[in-house]
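An overview of the molecular structure
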4 protein chains.
Amino acid sequence: MTKTIFEDLPTVRFEGEASENELAYRWYDADRVVSGKPLSEHLRFAVAYWHSLAMNGSDPFGAATIHRPWMAGGDPMAAAKAKADAAFDLFRVLDLPFYTFHDRDIAPEGDSLKESLANFHEMAEYLGRKMEGSKAKLLWCTANLFSHPRFMAGAATNPDPEIFAYSATTVKHCMDVTKALGGANYVLWGGREGYETLLNTDLKQEIQQLGRFLTLVVEYKHKIGFEGQILVEPKPKEPTAHQYDFDTATVYGFLKQFGLENEVRVNLEANHALLAGHTFEHEIATAASLGILGSLDINRGDPLLGWDTDQFPNDLQSMTMSMYHVIKAGGLGKGGCNFDAKVRRQSFEGEDVVAAHVGGVDLCARGFLLAAGLIEAGKYDQVVAKRYAGWQTPEAQAMLNGSMPLEAIAAKAEAEGIDPKPRSGRQEQIENLLMRSL
Amino acid sequence: MTKTIFEDLPTVRFEGEASENELAYRWYDADRVVSGKPLSEHLRFAVAYWHSLAMNGSDPFGAATIHRPWMAGGDPMAAAKAKADAAFDLFRVLDLPFYTFHDRDIAPEGDSLKESLANFHEMAEYLGRKMEGSKAKLLWCTANLFSHPRFMAGAATNPDPEIFAYSATTVKHCMDVTKALGGANYVLWGGREGYETLLNTDLKQEIQQLGRFLTLVVEYKHKIGFEGQILVEPKPKEPTAHQYDFDTATVYGFLKQFGLENEVRVNLEANHALLAGHTFEHEIATAASLGILGSLDINRGDPLLGWDTDQFPNDLQSMTMSMYHVIKAGGLGKGGCNFDAKVRRQSFEGEDVVAAHVGGVDLCARGFLLAAGLIEAGKYDQVVAKRYAGWQTPEAQAMLNGSMPLEAIAAKAEAEGIDPKPRSGRQEQIENLLMRSL
Amino acid sequence: MTKTIFEDLPTVRFEGEASENELAYRWYDADRVVSGKPLSEHLRFAVAYWHSLAMNGSDPFGAATIHRPWMAGGDPMAAAKAKADAAFDLFRVLDLPFYTFHDRDIAPEGDSLKESLANFHEMAEYLGRKMEGSKAKLLWCTANLFSHPRFMAGAATNPDPEIFAYSATTVKHCMDVTKALGGANYVLWGGREGYETLLNTDLKQEIQQLGRFLTLVVEYKHKIGFEGQILVEPKPKEPTAHQYDFDTATVYGFLKQFGLENEVRVNLEANHALLAGHTFEHEIATAASLGILGSLDINRGDPLLGWDTDQFPNDLQSMTMSMYHVIKAGGLGKGGCNFDAKVRRQSFEGEDVVAAHVGGVDLCARGFLLAAGLIEAGKYDQVVAKRYAGWQTPEAQAMLNGSMPLEAIAAKAEAEGIDPKPRSGRQEQIENLLMRSL
Amino acid sequence: MTKTIFEDLPTVRFEGEASENELAYRWYDADRVVSGKPLSEHLRFAVAYWHSLAMNGSDPFGAATIHRPWMAGGDPMAAAKAKADAAFDLFRVLDLPFYTFHDRDIAPEGDSLKESLANFHEMAEYLGRKMEGSKAKLLWCTANLFSHPRFMAGAATNPDPEIFAYSATTVKHCMDVTKALGGANYVLWGGREGYETLLNTDLKQEIQQLGRFLTLVVEYKHKIGFEGQILVEPKPKEPTAHQYDFDTATVYGFLKQFGLENEVRVNLEANHALLAGHTFEHEIATAASLGILGSLDINRGDPLLGWDTDQFPNDLQSMTMSMYHVIKAGGLGKGGCNFDAKVRRQSFEGEDVVAAHVGGVDLCARGFLLAAGLIEAGKYDQVVAKRYAGWQTPEAQAMLNGSMPLEAIAAKAEAEGIDPKPRSGRQEQIENLLMRSL
Ligand SMILES: [Co+2]
Ligand SMILES: [Co+2]
Ligand SMILES: [Co+2]
Ligand SMILES: [Co+2]
Ligand SMILES: [Co+2]
Ligand SMILES: [Co+2]
Ligand SMILES: [Co+2]
Ligand SMILES: [Co+2]
């Protein structure tokens, strides 16, 4: 076996802020205990096979720029194993506790459904053996139901029921593998579950198909005793013009429509939030308020561009407030922080992949520590709580809990001749408070 | 009583496509029967008091350009009556069957809650008397819970419970008036029910407040025996940075969260759809698929601008497909087509208001007739139906109705070794088909 | 030689609006004379090799869906010839007067610069021979300086001067070929002439490089006696985060900076206009006002999506006003209407390519005829002219032509105590006027 | 004279990062010398009369929330003086060296042109006297040619030449006042110099008018010996649908078109950059590269909203890189950092205005210090310089300086058989480098 491109790189270590080493952690001290748990258990970082092993740097106007040995052709299964070897070297270098993959990331498409499944299981077993000699655990697995041309008009939502069946079959095996490898979650991202144009689309029919598909998944989960979470990853568009899992609020409505709101949670991605017109913080706070916060795909988009750039994160303020809402929600539970982020196509060297993760890990850790500090200091929470303090009175609670009907509220207000006065929202002072804490 | 600015204008008549008269309908023949009903009953057009009587042409960088006699100061109640007189003249000129208003459009704020309510009821009675001599009926009434500074941090979602009470009181009276005037619907648009910044916001608390508020409204509706529909109007943002009633899918989830999905429907606006990243057609089709299509706010936005321009519509293709989805949904029921559209601030003359409505009415009628023709011709529906024909087989239905679990679908697919092939979506040919029909 | 996929398709003919034939022109009657010239000479339609022969339907989340015989591998030059054969069959089927190509569309990259150039010249000669038996002429040629990894950081603006040299060499040969094939224009689109991030970019240096590159091109044009136009195609972003040729106004400033404003014009694309925050009409009118309108890339984007979808056009109103501004500018001269548009990836059959062009051609023709009719009727122009009529007085002209300095204008205004009154802009009535004409 | 709302507030002092005082500077130590100059001279902060004294918190959906004593009605000139008194108290409190105003901010519109001008001159003299007892100097003055209805169709670009004359007269007097008060710059922002719809617009005529107007201004500047800079402030849209001064690149082209590129510079605003699809850094770097960087309007927009929110800045990374490009450009010269930022409408108290400026000033100072430190450390500049190092060779310079024509470059490249190889752009490592420095 030849060396992998990551094999000779030393494991990235925590060296503190003063370090001069480009490939060291400055903020991510995995074992540092915060609120009774080490950072590694709060953040549960995962490396994404998809971006870090499978991407080749091509874009709609340009060919591949990233040429890894396992992309050079030859026997596909041998290449898949070389890729897996490199993957586990990368996990070792980054020293992060989890990884994630699509079925197609780890194993090549075969000439038939049977062969594709066989390839997948063979590679899953290979990964299982690699895991024995590695600290890396599986955060989640998912099925790639969007790259192959058969999925061009959707997977579960395809006008052709045979493609629904093909997709269901694929997911069944992905779930089996996830359970076998001890995965903590199973994710569904429906890249083509939407439409290119409403003109040729039966929207209601497609949503019924999607609801059934997810129901089948949940039923199967219970049947096989998979104890992980089922997660849906919202994204509003791209590759489709409209995707049914638009954002957290849309997914929640969809889950309620099919009675799945206690069975399924969301895997939230920063870039997808942006494409839907939201901040990452908003999506996290919304999911938390609805009880469906599942896991995070860490990355960033570019607000001046209209597509999913999946860049490594670099906005400390947004990351801090994202982590603030995660902590407030009680943490990520079985979820984690998966780097759904890819190096730019000009960053085609192995070192770039490592450096990108180092920066991303440190940003998350720094944001988490700042958020935890903010909460501990209490000043910020106090400002917000004070704003809503009026709702703590019995009279206010009576309006909120339904014990006063509309006409009673009106009668009381009219009798008292209320004339409520505005209070300053102090937005700038709150912003100053946060900015000073960075 | 002096003459109103619309008093001398002749009533706009249907004159057909060949007319040379700027202020005539060319496509809107109110009495023309389509599928067993006159156009007027399909479309149920309404004139909006808000835009056509109350707007003064100011914008964030400029002062009022529209100076109507009732805006000139003096006794506010006398002005409100002069405005109402002009309104009914405008309704007579346009010869449309409905109108809509906010409480604040028809009656001035008083010095106290009591006086504000008294003003409102006095003007409601005045309108009631005007309606006796007019063909105009009330499509819907709504409460303006966003213009006054007391609402600057929200109405139902305000951190101050006294403002919740104030808002509830206002809505109670608006509902009473709606019932008294025979209104077909009651609408809630929560312009400030959202946040300026998540930093000072307790999102979960605010959504609980909003859910309670809407529940109170629904309970009161039943108590007073109001038989109209309760409608929520989605809008993603502006004036807030995020509004909780983001879009149809979000409102649906919210209704399900509070068990209101059979009680409340949506009033959809084209410009709001655009701001949420959707087409108007999408919002209509989505609401129809969820069974919550209520009514339409007719206007358009500018995709190159990021705010609610509320322009009169002028896109025939979009209007045709919007009407197509309305017809497919079984029509608008108690809802209608309300012109939530304002003349540009440079169009400050009374004639501009009339001409704008004439254009908008004609565009809707033309789109409706084209859509009805499209459906009657059947060619387009056939193309779409053919695309999903595979789902009509018993095998496909078994997957869709839940009688086959995931593992059974997989077993069958594997046994058969299925290899589904893509079929052309024929998007360009469908677009050609529609373009030719315009 | 085996049959090409277009070989058996009949030539598309003009059959008028009543035709039931999916693949017939309904509005494009090539020989119909308007204002003294046949439609074919006004519109100068071109088929784009890039989209219609070279695209394979892949997108950032999916593999190729379009599999043409010449994409199946084997000898690259034989494939290039098969592709050329199919191309000329397609030109024959569509019966349009022009085509366009990138060097890389027609000939494969070789193993060295020398071989790449040899391939290109061999294929250019092959095309030359094909043209002898065809009506298709060359509207323009351009160089693909963005797909190969060597261009990942730009071509003319690359930090590496060797890539500047490589690009210059390529363009030199493309210009030679354009001249040899009788091309009417030579186009430069700088897909990577911008930056991914300003953080690693010397913007001033890169713009100097770009200015020099364009100057070299212009000098060479004169040296070889090429009589076509040199065109730059503006696009604001994608694939880069910022492209230097952002829009027409930016290109104009750039041309002035390097003294090239009389040597170079713009090739305007509808989708690029949208990405830059403009309408196509705006870009055409702006270029016309600056004297740099060169040619058009016909397509459309989706205002709800943030990338270059390059769809076939379907908006009649926008097309009509685009053609209006073209006619007002005196027509397209040596330019034309190039279909820089691709079928959707689900439209993978040859028939889809033909149908898409038929729809696009008809839309352009219909828009052109409507615009010409609008101008002939005169009503619309009259409305606009009347708005500016005040500027025709000698006093107004004195302000405009510089004969009155600021203080003289002020002195006169103060002496007269002017108090100018607003006039209605009549926007809605103008919109009605246009809508009725569609 | 009654007390102003700012009168009792203590002057904000530099207290360092450890301060617990909400209204203290933590980073802005005005006298701290960096590169030979105190911070106050590098940054030249200005308070904007427009936002901090004249704004009342109204928005398109809501009435005024900010009620200052001088907005309460009564004699307009007395109110203007009370406002001026408050303004100078605010300047004293903030202890910043400059202020800026529109004519209409400081003096009320009169009943005639004559009275308006008289009001303006009287107030200018009043300000002149206030300045004698204050440290505040005038950074720039500008004319409000967009708020009054007469400007609804533009000022210089109005279809009515009388409005051109009215505007010219106003600007003449504003320039006189600027000179008299020792202003360092004169600014033109053409809020309505654009169009609402291209349909009723003669774009070419309007741009001619705008070019003439600016030429008149420049000629008058020289005539009266005003030694400040003439600045144009780009903005792409809002209130218009398209503004002619779209962005820096567009303004540059416009200046070249009228031969004004050595006479006029740009006043760049962060929020306007965003609306044009750019970063603030991009606009600064572009203006610097073209030699037209004039001054800065400090604020921020919200990338999720499509209008000019003019919020106080809070993004440390963007501010640092903006200041980096300012320093690289040689500083702001006669320009400065004007807070074109307003408190949110919920922040209606005087204290909010002070706190907002404190946060903004500190962010700018912190960003400036970080940028200066980055430059001094040299590591970042080195990375960028290394990327372009190849261009320093004589061979590369020959291509760049025009001494090698296209055919010579090609001949050399072909002879050498060049095969340039891509190099990693190292984007993630550069981002890490910067992130660590914050
Ligand atoms: Co993701
Ligand atoms: Co993504
Ligand atoms: Co509405
Ligand atoms: Co609206
Ligand atoms: Co193009
Ligand atoms: Co394009
Ligand atoms: Co500004
Ligand atoms: Co602004």
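As named in an unreviewed UniProt entry, chain A is Xylose isomerase, taken from Granulicella tundricola. Regarding chain A, the relevant UniProt record gives this comment under Subunit (unreviewed entry): "Homotetramer." Its UniProt record, at the heading Subcellular location (unreviewed entry), says of chain A: "Cytoplasm".

**Comments concerning unusual backbone geometry**
The omega angle of the peptide bond from A:E238 to A:P239 is 10°, so this bond is cis rather than trans. Along the polypeptide, A:P239 turns up in the loop between β8 (229-232) and β9 (242-243). Located in the positive-phi region is B:D95, a residue other than glycine, with phi close to 55°. The residue B:D95 is located in the loop between α3 (76-94) and β4 (98-102) in this model. A residue is classified by how much of its surface remains accessible, and B:D95, at 23% relative accessible area, is partly exposed.

**Here's the deal with the nonpolar core**
One finds A:Y99, A:F101, B:Y99 and B:F101 to be the most contacted residues of the largest nonpolar core, which totals 278 residues. Listed in part, the 275 residues of the second largest apolar core include C:A84, C:A87, C:V264 and D:L203.

**Re the side chain of A:R366**
Note that A:R366 resides in helix α12 (residues 350-377). It is A:E17 that comes nearest to the buried, bridge-free A:R366 among opposite-charge side chains, at 6.1 Å. Looking at A:R366, its side chain comes within polar contact range of the main-chain oxygen of D:L438, at 2.8 Å.

**Overview of the coordination of the cobalt ion (ligand 2)**
Residue and element names in this part refer to chain A. Protein coordination at the cobalt ion (ligand 2): the donors are E269 (OE), H272 (NE2), D308 (OD), D308 (OD) and D310 (OD), at 1.9 to 2.6 Å from the metal. Between the donor residues of the cobalt ion (ligand 2), the gaps in sequence give the motif E-x2-H-x35-D-x1-D. In this model, the cobalt ion (ligand 2) sits 4.5 Å from the cobalt ion (ligand 1), the two metals being bridged by E269. When its relative accessible area of 4% is taken as the criterion, D310 is described as buried.

**Overview of the UniProt feature "active site" (unreviewed entry) in chain A**
Residues and elements named next belong to chain A. If you check UniProt for "active site" (unreviewed entry), the listed places come out as H102 and D105 in our numbering. Among the secondary structure elements, H102 is positioned in strand β4 (residues 98-102). The buried category is assigned to H102, whose relative accessible area is 9%. Beyond its immediate sequence surroundings of up to four residues, H102 is in contact with W50, T142, A143, N144 and F146. You can see D105 is positioned in helix α4 (residues 103-106). Residue classification places D105 among the buried positions, given a relative accessible area of 3%. If we skip the residues at most four places from it in the chain, D105 touches Y49, W50, A54 and K83. There is a polar contact of 3.4 Å between the side chain of D105 and the backbone nitrogen of W50.

**A few points about the environment of D:S147**
With respect to the helices and strands, D:S147 occurs in the loop between β5 (137-142) and α6 (161-180). A sequence separation of 44 residues divides D:S147 from D:G191, and the C-alpha atoms of the two residues are 8.9 Å apart. Apart from residues lying up to four places away in sequence, D:S147 is in contact with B:F61, B:G62, B:A63 and B:R345. Looking at D:S147, its side chain comes within polar contact range of the side chain of D:N144, at 2.9 Å.

**Brief notes about the coordination of the cobalt ion (ligand 6)**
Residues and elements named next belong to chain C. The protein atoms that coordinate the cobalt ion (ligand 6) are E269 (OE), H272 (NE2), D308 (OD), D308 (OD) and D310 (OD), at distances spanning 1.9 to 2.7 Å. Positions of the donor residues of the cobalt ion (ligand 6) along the chain correspond to the pattern E-x2-H-x35-D-x1-D. The two metals, the cobalt ion (ligand 6) and the cobalt ion (ligand 5), are separated by 4.5 Å and share E269 as a common coordinating residue. One end of the pair, H272, is in helix α9 (residues 270-275); the other, D310, is in the loop between β11 (293-298) and α11 (316-328), and 38 residues separate them in sequence.

What counts and how
- Residues numbered from 1 in each chain as written.
- Chains lettered and ligands numbered in written order.
- Predicted model: local features only at pLDDT ≥ 70, side-chain atom pairs only at ≥ 80, totals over all residues.
- Heavy atoms only, no water.
- UniProt positions renumbered as here; feature names shortened; annotations may be inferred.
- Helix = DSSP H or I, 4+ residues; strand = E, 2+ residues; numbered from the N terminus.
- Buried < 20%, exposed > 50% of the residue type's maximum accessible area, 1.4 Å probe, protein only.
- Core = buried A, V, L, I, M, F, W, Y, C linked by side-chain atoms within 4.5 Å.
- Lys, Arg positive; Asp, Glu negative; His and termini not counted.
- Salt bridge = Lys/Arg side-chain N within 4 Å of Asp/Glu carboxyl O.
- Polar contact = N/O pair within 3.5 Å; in protein donor to acceptor, adjacent residues only side chain to side chain.
- Donors = N, O, S within 2.8 Å, 3.2 Å for Na, K, Ca; no water.
- Contact = heavy atoms within 4.5 Å.

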